[in-house]
Amino acid sequence: MGCGGSSKMGFAEFRKQQLKLQKEKQPPKEEEQVQGQQQQKQQPQEYVQQKSRGKDLVTLRSADGKLLMEVPASKVEDQRAAIEDHFNMMDAYFEDAVSRQPAFDLTPGKSYIVRGDEREPAFDSAQVTKTVGLGCCQSLITKHTTAHRAHPERPERVDETMKRLQSHAIFSFLRFFSPTPVASLAPFAAIHTKQLTDTVLPTLSKSTGYPFVLYGSEEDPREIQEQEYPSSLYGGRQVTLPADTYTNEHSELAVRASVATVLNACDRVAQGELNSAFCVVRPPGHHCTAAQPQGFCLVNNVVIAAEHLLRGGTGRLPARRVAIVDFDVHHGNGTHSIVEEDSRILFISIHRHDDGKFYPHTGHLSTASETVFSIGFDTKSGSGEDQTIGDSCFEAAGSYFIAPLLEAWAPDYLLVSAGFDAARGDPVGKMAVDHGFARLTHLMCQAVPKTIMVLEGGYNTKQVASGVISCVKSLAGIPPPALSENPAQTLWTLSTLKRATEHHLQSSLSRATRTTLQTVLDRITSEVASRAHSSAP
């Protein structure tokens with residue numbers, strides 16, 4: 001469903017008709033109207049649609065059930081702009097009230113939730129204190145696609161993001177660049193095996209055409225690992241691609257363009273032209289290991305960039321240390337496997353784990369080393385948002401774990417695998433982050449000013465665009481919006497961080513790392529105890 005569109009009648013007239021309908025069927029008390037208006041202002045982001053009194057009507061109610069308006073089901077799209085204006089929201093979309101999954105077609109008689117971001121106030125240009133680059137080879141990377149239109153990793157992720165960025169006030173403050181695709185195999189060979197660089201990359205122009213299976217099905221969470229399709233396309237060798245990872249005749253150029261974008265961003269930041277940068281690229285990369293493309297990923301963009309910085313490929317002195325933080329909802333298993341033995345790279349991943357039932361079924365607390373920190377959250381359905389990755393989770397993880405480790409480790413550069421599939425309404429991640437992306441970016445940039453962010457996952461195109469915009473604004477120095485804390489979610493997050501840190505401390509660590517982790521643990525433990533005490537009867 002497209003978001004936006006012009007109304008066929010003015011909103012005032014539209015609202016008048018709805019109020020008339022209300023009075024004819026069930027005249028509300030004056031105090032209920034006042035309460036409904038107050039509730040509308042207090043909760044601008046969520047309106048529950050319940051079964052209408054008329055079969056063809058969509059009834060919009062506030063979270064506590066008060067009637068706000070009724071819209072004929074056939075007119076919802078026509079009236080979307082008016083609805084957004086009335087609720088002070090942008091990019092409204094719908095979720096099934098039972099499954100909480102995005103609904104692309106509204107079925108009369110079913111219940112839905114209307115969601116959307118509250119419109120942002122105009123920011124003061126004086127708040128922009130950093131020079132931020134935006135890199136994207138849009139025309140090249142959007143040609144990498146598959147005939148299976150249900151596949152979530154699709155070109156619209158980039159198209160929607162760039163459209164929204166270019167219409168946003170922040171765009172005039174960004175330095176846009178679109179480099180020439182990488183011609184040499186040298187950047188790939190620096191981290192990937194000879195088999196992948198010599199036989200896989202040169203033959204990406206051949207389409208695999210594999211059937212798509214959405215990973216992590218509830219029936220068999222390991223389904224995708226059991227449905228691999230061997231191919232003899234790659235230089236006559238048997239190279240296996242999982243069923244979720246496709247190529248077409250444009251894939252090689254998309255890969256080379258994406259890597260060029262990331263390397264160019266590193267060069268510009270290293271040379272002082274930019275303070276930081278965001279790279280809008282695809283296909284994503286953090287699941288690709290040194291030898292195996294997988295999880296929609298064909299090469300590992302962020303590790304190629306890290307090696308580029310460490311080798312002095314920017315034309316400046318080689319970096320001593322580089323940090324990578326991955327906040328995609330999935331564990332960055334490919335990145336993890338490549339860097340776990342490299343003492344020059346600090347890697348932190350926060351992700352959904354669910355006792356190994358969530359793709360890629362890795363990233364448990366047991367996967368710890370001197371410079372690799374894996375925080376897998378075991379989310380729980382039916383707990384509301386108390387045990388869900390949301391804003392309070394990102395705030396706590398950033399404040400109590402990620403930022404302290406970055407500050408202590410003091411890397412020269414920070415690379416961020418920025419996946420937005422933990423956003424509310426994402427059909428794959430199914431989590432609840434709203435403004436947490438901006439807040440976490442703000443915390444990380446305070447610790448490491450030279451930051452290069454690289455797009456990974458995120459499959460609700462509207463939320464990907466919103467996430468990228470929020471991160472770019474934080475990179476530019478614009479203060480992130482205040483978060484509304486969920487105390488239960490914060491405590492759940494802190495408890496997970498505490499267990500993870502305790503587990504890391506059982507590993508063989510240097511004195512410096514042990515001291516840092518003990519300091520982190522002491523602060524987390526104190527906060528957990530304080531919160532437990534304050535919530536005690």
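Here the structure is a predicted model, which is why all the values come from computation and not from measurement.

What counts, and at which threshold
Residues numbered from 1 in each chain as written. Predicted model: local features only at pLDDT ≥ 70, side-chain atom pairs only at ≥ 80, totals over all residues. Heavy atoms only, no water. Pairing = 2+ DSSP bridges. Helix = DSSP H or I, 4+ residues; strand = E, 2+ residues; numbered from the N terminus. Axes fitted to C-alpha atoms, helices over the stretch in contact; angles between N-to-C directions. Core = buried A, V, L, I, M, F, W, Y, C linked by side-chain atoms within 4.5 Å. Buried < 20%, exposed > 50% of the residue type's maximum accessible area, 1.4 Å probe, protein only. Parallel < 35°, antiparallel > 145°, perpendicular 65-115°, else oblique. Left-handed = near helix turned anticlockwise from the far one by under 90°. Contact = heavy atoms within 4.5 Å. Phe/Tyr/Trp six-rings, centres within 6.5 Å; stacked < 30°, edge-to-face > 60°. Lys NZ or Arg CZ within 6 Å of the ring centre and 35° of its normal. Polar contact = N/O pair within 3.5 Å; in protein donor to acceptor, adjacent residues only side chain to side chain. Salt bridge = Lys/Arg side-chain N within 4 Å of Asp/Glu carboxyl O.

Student: Let's hear about the sheet that holds strand E11 (residues 322–326): which residues, and what values?
Tutor: One open sheet holds the eight strands; their spatial order is E7-E6-E10-E15-E14-E11-E12-E13, and the pairing between them is parallel. The outermost strands of the open sheet, each flanked by one partner alone, are strand E7 (174–177) and strand E13 (372–377). Neighbouring strand axes in the sheet, compared pairwise and without regard to direction, differ in orientation by 15° on average.

Student: Account for the nonpolar core, naming residues and giving values.
Tutor: Phe 278, Phe 327, Leu 406 and Phe 420 are the most contacted members of the largest nonpolar core, which has 74 residues in total. Sorting elements by how many residues they give to this core places helix H11 (residues 391–409) first, with 10 residues. Counting residues in each nonpolar core, the second largest holds 37 residues, with Ile 191, Leu 263, Leu 298 and Leu 415 among its members.

Student: Provide a residue-level description of the packing of helix H5 (residues 156–166) against helix H13 (residues 461–475), including the pertinent values.
Tutor: Two elements in contact, H5 and H13, have axes separated by 8 Å at closest approach and are oriented at 50°. Put simply, H5 runs oblique to H13. The two elements H5 and H13 cross, and the hand of that crossing is right-handed. Residue-level inspection shows Glu 156, Arg 157, Glu 160, Thr 161, Arg 164 and Leu 165 of H5 in contact with H13, the latter providing Thr 461, Lys 462, Val 464, Ala 465, Ser 466, Val 468 and Ile 469.

Student: Please provide a residue-by-residue account of the packing of aromatic side chains, values included.
Tutor: Under the criterion given, the structure shown has nine aromatic pairs. Summarising the aromatic geometry, the rings of Phe 296 and Tyr 459 are spaced 5.7 Å apart at their centres and angled 90° between planes, so their arrangement reads as edge-to-face. You can see Phe 296 sitting in the loop between strand E10 (276–279) and helix H9 (301–310) and its partner Tyr 459 sitting in the loop between strand E15 (451–455) and H13, a full 163 residues away along the chain. For the pair Phe 327 and Phe 437, a centre-to-centre distance of 5.7 Å together with 40° between the ring planes defines the contact as tilted. Of this pair, Phe 327 sits in the loop between E11 and helix H10 (333–339) while Phe 437 sits in helix H12 (residues 436–447), and the two are 110 residues apart along the sequence. Ring pairs connect the aromatic residues Phe 278, Phe 327, Phe 394, Phe 420 and Phe 437, which therefore count as one cluster. Taking NZ or CZ as reference, Arg 523 lies 4.2 Å from the ring centre of Tyr 400, over its face.

Student: Which residues make up the side chain of Gln 463, and what are the values?
Tutor: For Gln 463, the position within the fold is in helix H13. By relative accessible area, Gln 463 is classed as buried at 8%. Here the side chain of Gln 463 touches Arg 424 through a polar contact of 2.9 Å, landing on its backbone oxygen.

Student: Lay out the pattern of salt bridges in plain terms, naming residues and giving numbers.
Tutor: Going through the model one piece at a time under the given rule, you end up with 18 salt bridges. Linking Arg 424 and Asp 434 is a salt bridge whose minimum nitrogen-to-oxygen distance equals 2.8 Å. With Arg 424 in the loop between strand E14 (413–418) and H12 and Asp 434 in the loop between E14 and H12, this pair connects stretches of sequence that are 10 residues apart. Here the two residues Arg 424 and Asp 434 agree in accessibility, since each one is buried. With its nearest N and O atoms 2.8 Å apart, the salt bridge here joins Arg 531 to Glu 485. A residue pair is termed long-range when its members are at least 10 positions apart, and Arg 531 in helix H15 (residues 511–535) and Glu 485 in the loop between H13 and helix H14 (487–505) qualify at 46 residues. Via salt bridges that share partners, Glu 307, Arg 311, Asp 342 and Arg 344 belong to a single interconnected network.

Student: Go over unusual backbone geometry, please, and point to the residues and values.
Tutor: Among all residues except glycine, the phi angle is most often negative; among peptide bonds, the trans geometry is most common. In this structure, Pro 283 follows Arg 282 across a cis peptide bond, with omega equal to 0°. Tracing the sequence through the fold places Pro 283 in the loop between E10 and H9. Here Asp 355, not a glycine, exhibits a phi torsion of approximately 55°, which is positive. Positionally, Asp 355 belongs in the loop between strand E12 (345–352) and E13. Judged by relative accessible area, which is 58%, Asp 355 ranks as exposed. Residues other than glycine seldom take positive phi values, yet Ala 410 does so here, at roughly 50°. Here Ala 410 shows up in the loop between H11 and E14.

Student: How would you summarise the pairing of E14 if you had to cite specific residues and measurements?
Tutor: The buried count for E14 comes to six of six residues, which makes it a mostly enclosed element. With burial as the criterion, each face of E14 is covered, one bearing Tyr 413, Leu 415 and Ser 417 and the other bearing Leu 414, Val 416 and Ala 418. One ladder, built from five bridges, connects E11 with E14; its direction is parallel. Note that in E14 the partner of Asp 326 across the bridge is Ser 417. Pairing analysis gives five bridges linking E14 to E15, with the strands arranged parallel. Its bridge partner being in E15, Leu 414 is matched across the sheet by Thr 451.

In short, the description is geometric, and any link to function would need to be established separately.
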